[in-house]
Amino acid sequence: MTLATLSDVLQPALAGRYAVAGLVTLGWEDMRAFVAAAEAAGCPVILQAGPSCRAHTPLPVLGKMFRHLAENASVPVVAHLDHGYTFDECREALEAGFTSLMYDGSRAPLAQNIDETAKIVEMAHAAGISCEGEIGFVGYADGESSAGTDPDEAAQFARETRVDAMAISVGNVHLQQDKQGGLDENRINAIQSLTDVPLVIHGGSGVPVAQRTALARGTNICKFNIGTELRMAFGDAMRTAVNADAARFDRVSILKETHDPMVAATCSVLAGMGHGVSEA
């Protein structure tokens, strides 16, 4: 059994100067491919259930899927709630067997974000699992704009909430389809000079791969969330499978053909995390 908490995989990453991929799942096909790629790379992986995933599949079902994959994997696998917005939602994930909760109070004023996140942290730690929080709102491509993380506020947030990982806003944007963004390394350095909590980059698909690797190896960024680029790879594989035979209608036979392309795309993502084994 290799079910792990977020701290189980991020503390070694912090010490070893590499990052762990938080991979955004939408269904069985992609989460299975993510674990297969992690096993091929010999590195841990974080399976993430975000809001759109939870809207499609109930949390108790996702918990069983994540845990089944983890318990049969040869590498550590974290079952992670991504962007939980309420205490009840986080509690439901905990009860469903998740090993890591991410509470997102980043739209709220600092004091409210600290208070609400601290309550989730207390619940998570009492159950022996991990909690990630967010300070400084990370925006969306063609949507809400980001609000950069203030280093002093980040230090206060980390200290007063006791989060196991802290998502920061340093030029990253959710749902970005190209890699033209780039992160504000001066702001990252200012934040990590004030706190040693493992740092998380949401919207990692928009960060150039070379910068991902450099930051994984040279900073306290221990987790990059990757969703969009792998969703795009899945869409490409699905279109190829569907268009290969217009008369085919069995979805299992179609979806099987997404597996190998998704494993290959995921291996490419994992190789950019600065993990020595994953580059072998």
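Quick caveat: nothing in here was measured; it's all calculated off a predicted structure.

### Quick notes on the overall build of the protein
Check the secondary structure of the protein and you find 12 helices and nine strands. Taking 280 residues into account, the globule formula puts the C-alpha radius of gyration at 19 Å, and the protein, at 18 Å, falls close to it. Taken over the C-alpha atoms alone, the protein extends approximately 60 × 40 × 35 Å along its principal axes. Buried positions account for 55% of the 280 residues belonging to the protein.

### A closer look at the packing of helix 2 (residues 28-41) against helix 4 (residues 59-71)
Where helix 2 meets helix 4, the axes come as close as 10 Å, and the angle between the chain directions of the two elements is 25°. Here helix 2 lies roughly parallel to helix 4, going by the angle between them. Our pair here, helix 2 against helix 4, has a crossing hand that is right-handed. Two secondary-structure elements touch here, helix 2 through Trp28, Met31, Arg32 and Val35 and helix 4 through Leu62, Met65, Phe66, His68 and Leu69. Here the contact of helix 2 with helix 4 is built from residues that sort into seven nonpolar, one polar and one charged.

### As for the pairing of strand 5 (residues 100-103)
Going residue by residue along strand 5, you find Ser100 and Met102 tucked away on one face and Leu101 and Tyr103 tucked away on the opposite face as well. Direction of pairing for strand 4 (residues 77-84) relative to strand 5: parallel, over a ladder of three bridges. The residue of strand 5 that forms the bridge with histidine 80 is serine 100. The handedness of the strand 4 to strand 5 crossover, carried by helix 5 (residues 87-95), is right-handed. Alignment of strand 5 against strand 6 (residues 130-135), held across four bridges, turns out to be parallel. Bridging across to strand 6, tyrosine 103 finds its partner in glycine 133. The parallel pair strand 5 and strand 6 is bridged by helix 6 (residues 110-126), and the resulting crossover is right-handed.

### Some details on the environment of threonine 228
Position of threonine 228 among the secondary structure elements: in helix 10 (residues 228-243). Between the alpha carbons of threonine 228 and glycine 206 there is a distance of 8.5 Å; along the sequence they are 22 residues apart.

### A word on the pairing of strand 3 (residues 45-49)
The buried fraction of strand 3 is high, at five of five residues. Of the two faces of strand 3, the one carrying Val45, Leu47 and Ala49 and the one carrying Ile46 and Gln48 are both buried. Examined bridge by bridge, strand 2 (residues 20-25) and strand 3 share four bridges and lie parallel to one another. By the bridge assignment, valine 24 is partnered in strand 3 with glutamine 48. The handedness of the strand 2 to strand 3 crossover, carried by helix 2, is right-handed. Pairing analysis gives five bridges linking strand 3 to strand 4, with the strands arranged parallel. Along strand 4, the bridge assignment pairs glutamine 48 with histidine 80.

### Some thoughts on the nonpolar core
Counting 69 residues, the largest nonpolar core has Phe98, Leu101, Met166, Ile168 and Phe224 as the members making the most contacts within it. If one sorts the elements of this core by residue count, helix 2 sits on top with seven residues. The residues touching leucine 101, leaving out its near neighbours within four places in the chain, are His80, Leu81, Cys90, Ala93, Leu94, Ile120, Met123, Ala124, Ile129, Ser130, Cys131 and Glu132. Counting residues in each nonpolar core, the second largest holds 14 residues, with Ala4, Leu6, Tyr18 and Val78 among its members.

### Here we look at helix 4
Side chains three or four residues apart in an α-helix point the same way, a direct result of the helix having 3.6 residues per turn. Between the first and last C-alpha of helix 4 there are 18 Å, a value that for 13 residues agrees with the 18 Å anticipated at 1.5 Å per step. Of the residues making up helix 4, those classed as buried are Leu59, Leu62, Gly63, Met65, Phe66, Leu69 and Ala70. Buried residues in helix 4, looked at end-on, bunch into an arc of 165°, giving them a common side.

### Here we look at unusual backbone geometry
Its identity as a non-glycine residue notwithstanding, arginine 17 has a phi of 60°, on the positive side. Note on placement: arginine 17 falls in the loop between helix 1 (6-16) and strand 2. According to the relative accessible area criterion, arginine 17 is partly exposed, its value standing at 33%. Phi is positive for arginine 162, which is not a glycine, with a value near 65°. Residue position: arginine 162 is located in the loop between helix 7 (151-161) and strand 7 (165-168).

Basis of the calculations
Residues numbered from 1 in each chain as written. Predicted model: local features only at pLDDT ≥ 70, side-chain atom pairs only at ≥ 80, totals over all residues. Heavy atoms only, no water. Helix = DSSP H or I, 4+ residues; strand = E, 2+ residues; numbered from the N terminus. Rg over C-alpha atoms; globule rule 2.2 N^0.38 Å. Buried < 20%, exposed > 50% of the residue type's maximum accessible area, 1.4 Å probe, protein only. Axes fitted to C-alpha atoms, helices over the stretch in contact; angles between N-to-C directions. Parallel < 35°, antiparallel > 145°, perpendicular 65-115°, else oblique. Left-handed = near helix turned anticlockwise from the far one by under 90°. Contact = heavy atoms within 4.5 Å. Nonpolar A, V, L, I, M, F, W, Y, C, P; charged D, E, K, R; others polar. Pairing = 2+ DSSP bridges. Right-handed = clockwise from strand over helix to strand, strands pointing away. Core = buried A, V, L, I, M, F, W, Y, C linked by side-chain atoms within 4.5 Å. Expected span 1.5 Å × (residues − 1). Arc of directions from axis to C-beta.

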